[in-house]
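# Tertiary structure, described
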Amino acid sequence: MAKKKNTIKIDKERCKGCSLCIGICPQGVLGLSDEVNKKGHRYVVVKHPEKCTRCGLCFIMCPDCSIEIPGEE
Amino acid sequence: MKKNFTKPQSMKDVPTHYCPGCGHGLIHRLLCEVIDELGVRESTIAVAPVGCAVLAYDYWDFDTLEAAHGRTPAVATGIKRVLPDRLVFTYQGDGDLAAIGTAEIIHAGNRGENISVIFVNNGVYGMTGGQMAPTTLLGQVTSTTPNAREAKTEGFPIKITEMMAALSGVTYLERTSVSSPKEIMKTKKAIKKSFQTQLEGKGFSMVEVLSPCPTYWGLTPIKSMERIEREVVKEYPLGAIKG
Amino acid sequence: MFYNVPRLQYRDTGGRIIFNMKIRYLSTGNEACGEGAVRAGCNFYAGYPITPQNELTAYMARRMAEEKRIFIQSESEISAINMVFGASAAGERAFTTSSSPGISLKQEGISYMAGCELPGVIVNVMRGGPGLGNISPSQSDYFQATKGGGHGDYRLIVLAPASVQEMFDFTYEAFPLADKYRNPVMILSDGMLGQMMEPLEFDENIQPSGIIDKPWAMRGAKGRQPQSIKSLFLKEGALEELNKKFQEKYEKIKENEIRSEKYKCEDADIIIVAYGTMGRIARACIDSLRKENIKAGLFRPITLWPYPHGELQELGRKKIKFFVTEMNMGQMLEDVKLAVQDDSRVFFYGRAGGGIPEEGEIIKRIKKIKSK
């Protein structure tokens, strides 16, 4: 399969680094950044966009609406 | 899959003050999704509690009234009786509903008030610094049970939802959790059923949602969800309790 | 047009006369109060039984059902005030009644109503206290009503009826007053007024007055932005600003709403200051004293908050004496002393726990003061 575009948008300032999305992702797409946002949280970043299947589990688990997965074109 | 995973319209675009991994953010999103799906945003009136969710009116894009601690079901009664065609729901924590507000919730249920109650049970008082709640488990350490909760001196975790099942005025009661995507979707389904029960004029309904409090459980968010699945559901089993 | 005339709950005396479109009938104070609320367009009532105002709750149960409005016997007085809070927030005229210990329970809800600027009418049919007390009349909740009761820098508008007619009139007026200022209003009555029976007269076709739009009400966000009603203001300075705004409102109320009644004060050299039931008794004392050529007058405050300090102060400049009489151990006494600013000219006779200062005793004491 061709390498997919990065389909997950993460609002790094809203993210609190709770990592529930990281824990639930079956493909290991997500991980914590090495940097912190303005609130001092290590925020979640997309580490392996090519592995994402748009299952939406990360969105479901996120308590902060920090994740958005736009519809496919 | 063409689904657009995005913030519901009924939720304001405001970052919340809740701790990382707190269940409130999840439950807020679910009830807002349901309100969007039912198309009732403009006829919804919510009653917010005292507790961590006291600032809920900053996050919900519909009319929200702040009630005194525990009085939420009485306040909702006042609103629903004068505006019976609106969707009126209360959102309460375990202190608001199961401690100071025990009389109000029982009697709102007993009168069969046609309202919906979302009862967020995280077994601890978050806002005020992690004190014991009526729903705290035996053996749990909190700031007012530093030597762990003991039945002899602190009593047992209270099962308000089971108690309310005995009331004839109550139509639908369910306990769910937010510990995994599967449980989160069940919570959403239960909230929708509760709101529909109200919109169809069928009487009082309540959804008790087992929710994590990583800060005062002293666990990471992921471990908190595991604790719900491992420990909390043993004391507070999931499923429909009535209706 | 057939008109369903309210009759007495338990005693139908058949004493109903319609004269010039006014209904005149015999009523207890409690029931007159309830009828005043119904005529004012009260749409929601919640209450809990407590003596000596049970007739009021029962009357509301019957009348609200007749008018197809809402009546709830709540599980507690706390619940009742919070139901009123909700109904008021939803934009309706809401009403609750109780007696002293129940009013203590309502204080939190009252503070919340004041903090959220919600209108509403609360009736206290006072009984003996403190604690469970007894069921006899008293005036020992004056401090509670006028100096706070609940927490925070708020004020209640407090009206003190002294007759069955005023129980009707003041309750009827309390609703538009509450709406006008977005503030709770209290009717401070007592067990005697609640239970006594007197003629009551009002226009058969009386309509609710002072109906205003309530754009702030919680009715669902159709056609406008969603809004919230709350009393929590955490942002730095916000609560202080709100309190300043409240004080401006209270100043306006003071400018416009003070009410009192003077009886034979013009040439009086001793003035009895009394309200409610004691106002009635004092009036009888004035008549008796005048027959003996003692120049006594009565100053009867009608609004206990805002209190008519100014008028009393005006009278006080005349270097006359004041005789305060209350069914308590000295509460309004402090407001009179504040107005007169000369304690040597202010005298007091009070009885508590259901004791009622009687005409004979008051006259005796006034004569003693005059003889000094």
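Note that the structure is a prediction, hence the values are computed from the model and not measured.

Next up on the list: the overall build of chain B. What chain B contains, in helices and strands, is nine helices and nine strands. Against the 2.2 N^0.38 benchmark of 18 Å for 243 residues, chain B shows a C-alpha radius of gyration of 17 Å, consistent with a compact globule. Projected onto its principal axes, the C-alpha positions of chain B cover 50 × 45 × 30 Å. A burial count over chain B gives 60% of its 243 residues as buried.

Moving on, we get to the sheet that holds strand 11 (residues 260–263) of chain C. Residues and elements named next belong to chain C. Spatially, 11-13-12-15-16 is the arrangement adopted by the five strands of the open sheet, whose pairing is mixed. Only two strands of the sheet have a single partner each, and these edge strands are strand 11 and strand 16 (346–350). The sheet shows a mean angle of 20 degrees between the axes of neighbouring strands, direction not considered. Against the sheet, helix 11 (residues 332–340) contacts strand 12 (270–273), strand 15 (321–326) and strand 16, and its axis sits at roughly 165 degrees relative to strand 15. Relative to the sheet, helix 12 (residues 359–371) contacts strand 12, strand 13 (296–301), strand 15 and strand 16, its axis offset from that of strand 15 by approximately 160 degrees.

Looking now at the environment of leucine 210 of chain B. Residues and elements named next belong to chain B. By the element assignment, leucine 210 lies in strand 8 (residues 204–210). A residue is classified by how many C-beta atoms lie within 10 Å of it, and leucine 210, with 28 of them, is buried. Residues leucine 210 and alanine 240 lie 30 residues apart in sequence; the distance between their C-alpha atoms is 14 Å. Setting aside anything within four residues of it in sequence, one finds leucine 210 in contact with Asn121, Arg175, Ser177, Ile228, Val232, Val233 and Tyr236.

Moving on to the packing of helix 1 (residues 23–38) of chain B against helix 7 (residues 181–199) of chain B. Residue and element names in this part refer to chain B. Viewed as axis vectors pointing N to C, helix 1 and helix 7 meet at an angle of 50 degrees, and their least axial separation amounts to 9 Å. In terms of their interaxial angle, helix 1 and helix 7 are classed as oblique. The hand of the helix 1/helix 7 crossing is right-handed. Contacts between helix 1 and helix 7 involve Leu26, Ile27, Leu30, Leu31, Glu33, Val34 and Leu38 from the former and Ile184, Thr187, Lys188, Ile191, Lys192 and Phe195 from the latter. Among the residues making up the contact of helix 1 with helix 7, the classes are represented as nine nonpolar, one polar and three charged.

Reports of interface size often rely on the accessible area that becomes lost once the parts have come together. Contact residues are listed per partner, giving 23 residues for chain B and 23 residues for chain A. Listing elements by their share of the side of chain B that touches chain A, those giving two or more residues are helix 1, helix 7 and helix 9 (221–235) of chain B. Its residues placed into classes, the side of chain B that touches chain A shows 13 nonpolar, six polar and four charged.

Facing the 29 residues of chain B at the interface are 33 residues of chain C. Counting only elements with at least two residues in the side of chain B that touches chain C, the list comes to strand 1 (44–48), strand 2 (63–66), helix 2 (72–82) and helix 4 (102–110) of chain B. Split into classes, the residues belonging to the side of chain B that touches chain C amount to 14 nonpolar, six polar and nine charged. Relative to strand 10 (residues 228–229) of chain C, strand 2 of chain B is paired through two bridges, and the arrangement is parallel. Each bridged residue has a counterpart across the sheet, and for leucine 65 of chain B the counterpart in strand 10 of chain C is isoleucine 229 of chain C.

Residues and elements named next belong to chain B. With five of five residues buried, strand 1 lies mostly within the body of the structure. Side chains of strand 1 alternate between two faces, with Thr44, Ala46 and Ala48 and Ile45 and Val47 buried alike. In this structure, strand 1 lies alongside strand 2, joined through four bridges in parallel fashion. Each residue of the ladder has a partner; that of isoleucine 45, found in strand 2, is aspartate 63.

To continue, consider the sheet that holds strand 3 (residues 87–93) of chain B. Pairing is mixed across the open sheet formed by eight strands, whose spatial order is 9(B)-7(B)-8(B)-4(B)-3(B)-1(B)-2(B)-10(C). Strand pairing shows two members of the sheet lacking a second neighbour, strand 9 (239–242) of chain B together with strand 10 of chain C, which therefore form its edges. In this sheet, strand 3 of chain B lies alongside strand 1 of chain B in parallel orientation, the contact comprising four bridges. Bridging from a neighbouring strand, threonine 44 of chain B pairs with leucine 87 of chain B of strand 3 of chain B.

Our next topic: the domain arrangement of chain C. All names here are of chain C. We note that the domain assignment places domain 1 (22–203) and domain 2 (261–371) within chain C. Placing a centre on the C-alpha atoms of domain 1 and another on those of domain 2 gives a separation of 27 Å. Contact with domain 1, which involves 26 residues of that partner, is made by 22 residues of domain 2. For the side of domain 1 that touches domain 2, the secondary-structure elements that each account for two or more residues are helix 5 (142–146), strand 7 (157–159), strand 8 (184–190) and helix 7 (191–195). It is helix 5 that contributes the most residues to the side of domain 1 that touches domain 2, four residues altogether. Within the side of domain 1 that touches domain 2, the residues separate by chemical class into 14 nonpolar, 10 polar and two charged.

What follows deals with the packing of helix 2 of chain B against helix 3 (residues 77–89) of chain C. The interhelical angle for the contact between helix 2 of chain B and helix 3 of chain C, taken along N-to-C directions, is 45 degrees, at an axis separation of 6 Å. By the angle between their directions, the pair helix 2 of chain B and helix 3 of chain C is classed as oblique. As helix 2 of chain B runs across helix 3 of chain C, the sense of the crossing is right-handed. Residues Ala74, Val75, Ala76, Thr77, Gly78, Ile79, Arg81 and Val82 of chain B of helix 2 of chain B lie in contact with helix 3 of chain C, whose contacting residues are Ser79, Asn82, Met83, Val84, Phe85, Gly86, Ala87 and Ala89 of chain C. Taken together, the residues that form the contact of helix 2 of chain B with helix 3 of chain C break down as 10 nonpolar, five polar and one charged.

Each value, and the rule that gives it
- Residues numbered from 1 in each chain as written.
- Chains lettered and ligands numbered in written order.
- Predicted model: local features only at pLDDT ≥ 70, side-chain atom pairs only at ≥ 80, totals over all residues.
- Helix = DSSP H or I, 4+ residues; strand = E, 2+ residues; numbered from the N terminus.
- Rg over C-alpha atoms; globule rule 2.2 N^0.38 Å.
- Buried ≥ 20, exposed ≤ 12 C-beta atoms within 10 Å, placed from the backbone.
- Pairing = 2+ DSSP bridges.
- Axes fitted to C-alpha atoms, helices over the stretch in contact; angles between N-to-C directions.
- Contact = placed C-beta atoms within 7 Å.
- Parallel < 35°, antiparallel > 145°, perpendicular 65-115°, else oblique.
- Left-handed = near helix turned anticlockwise from the far one by under 90°.
- Nonpolar A, V, L, I, M, F, W, Y, C, P; charged D, E, K, R; others polar.
- Domains from an automatic or database assignment.

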